[in-house]
Amino acid sequence: MSFPALLVLGATGRIGRVLRHCWAGQGDKVLWQGRYRPSAAEGHWVIYDPLRDMAAGEQAARGRAVILCLAGVTHGQAARGADFDDNLRLAEAAIRAGAASGARVLLASSAAVYGNRPGLLGEDLPPAPVHPYGQAKARMETQGAALAADLGVGLTSLRIGNIAGLDAILGGWRAGFALDVLPGGGTPRRSYIGLSGLAAALAAVAAAPELPAVLNIASPGTVAMGDLLDAAGLDWHPRPAPADVIAQVELDTTRLAALSPVGASPSDPAGMVADWQRIRPYLAEGQERS
């Protein structure tokens, strides 16, 4: 993989841990940011709080060609009292650091911004989220784009599909796990991407000379959630899906396919599970703090 000089914000989070494993050996090409440095973490680090120390953010971004902002509030953090609107505040901090340094900015958004829509979901569709997490990410995209335009910053929002192993299904499995079954049979289907595939796709996106304002990140096609658990050999119990369940979310990966083979490689539940099982031991590192 070819890397530009890259600043990764939120490197202690789940995606950050995946990238630190998959991108090991890049030396000072990648500068990892966190509010703390995990024990035994390798690589080059800068420690500061993006929401409280804008000057440190601008300093860290100097000499960097790209800022990848993974920092944000997850469902679990919101359940513990975190504010979803910090997604926007963190994005604004990244964009202002980009304005001060001349770096392009990549924002980690989510397929949740599409809401409950049928058919193939292309990046030109406007956001229509139905849940608070997706609504927060949609505000981040819209207001972030306006700020970036005002400041002359190149900005791309990455609408990331389900990540096998970091999701609520494979990653959230516990004994006695129950899974929604749709009225016509089968389990909900989602666009997925494996851990190594995610790292490869993000590396290709960071190195691309030109990017659209919005980019879907997933493998093409969809994966049934039940098939993913079956491929992992994990038992689950069927339960009737509630009326508001989203039966299918399928991202159009045509734009990504022009940048990375990941966008053209069909979804493979068994391969994604094997990849997760290989990388899974590493993901426990760095969880001593939230």
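The chain appears in an unreviewed UniProt entry as NAD-dependent epimerase/dehydratase family protein from Ruegeria sp. PrR005.

Chemist: Describe the sheet that holds strand 10 (residues 189–190), and please don't skip the residues or the numbers.
Modeler: Here 4 strands make up an open sheet; going across it, the order is 6-15-10-13 and the pairing mixed. The open sheet terminates on both sides in strands that have one partner only, identified here as strand 6 (120–121) and strand 13 (223–224). Where strand 10 and strand 15 (residues 248–251) come together, 2 bridges link them in parallel fashion. Paired with R190 across the two strands is V249, which belongs to strand 15.

Chemist: Got a sec to walk through the UniProt feature "domain: NAD-dependent epimerase/dehydratase" (unreviewed entry) in the chain? Specific residues and values, please.
Modeler: UniProt feature "domain: NAD-dependent epimerase/dehydratase" (unreviewed entry): in the numbering of this structure it lies at residues 7–217. Along residues 7–217, the helical share is 34% and the strand share 21%, with 19 Å between the first and last C-alpha atoms.

Chemist: So, the environment of A78: which residues are in play, and what are the values?
Modeler: Take A78: it is sitting in helix 3 (residues 75–79). In this structure, the C-alpha to C-alpha distance between A78 and Y133, residues 55 residues apart in sequence, is 8.9 Å. A78 has contacts with V73 and F84, leaving out every residue within four places of it along the chain.

Chemist: Explain helix 4 (residues 86–101) to me, using residue names and the numbers behind them.
Modeler: With 16 residues, helix 4 ought to run about 22 Å at 1.5 Å a step, and its terminal C-alpha atoms sit 22 Å apart, in line with that. For helix 4, every residue scored as buried is listed here: D86, N87, L88, L90, A91, A93, A94, I95, A97 and G98. Those residues of helix 4 that are buried lie in contact with strand 1 (6–9), helix 2 (54–61), strand 4 (66–69), strand 5 (104–110), helix 5 (132–151) and strand 7 (155–160). Following helix 4 by one or two positions, G102 has its phi on the positive side, about 85°.

The rules we used
Along every chain, residues carry numbers that run from 1 in the direction the sequence is written. Residue-level local features of this predicted model are given only where pLDDT is at least 70; pairs of side-chain atoms are given and counted only at 80 or more, and the full residue set underlies all totals for whole chains, interfaces and linings. Side-chain measures here rest on the full set of heavy atoms in the structure, leaving out hydrogens and waters. Any two strands with at least two DSSP bridges between them are considered paired. Only runs of H or I of at least four residues qualify as helices and only runs of E of at least two qualify as strands under DSSP, and these elements are numbered from the N terminus. UniProt positions are given in the numbering used here, feature names are shortened, and annotations may be inferred rather than shown by experiment. By the convention used here, residues are in contact when the closest approach between their heavy atoms is within 4.5 Å. Here the expected length of a helix is defined as 1.5 Å per residue gap, with one fewer gap than residues. A 1.4 Å probe rolled over the protein chains alone gives each residue an accessible area, and that area as a share of the maximum for its type sets the label: buried under 20%, exposed over 50%, partly exposed in between.

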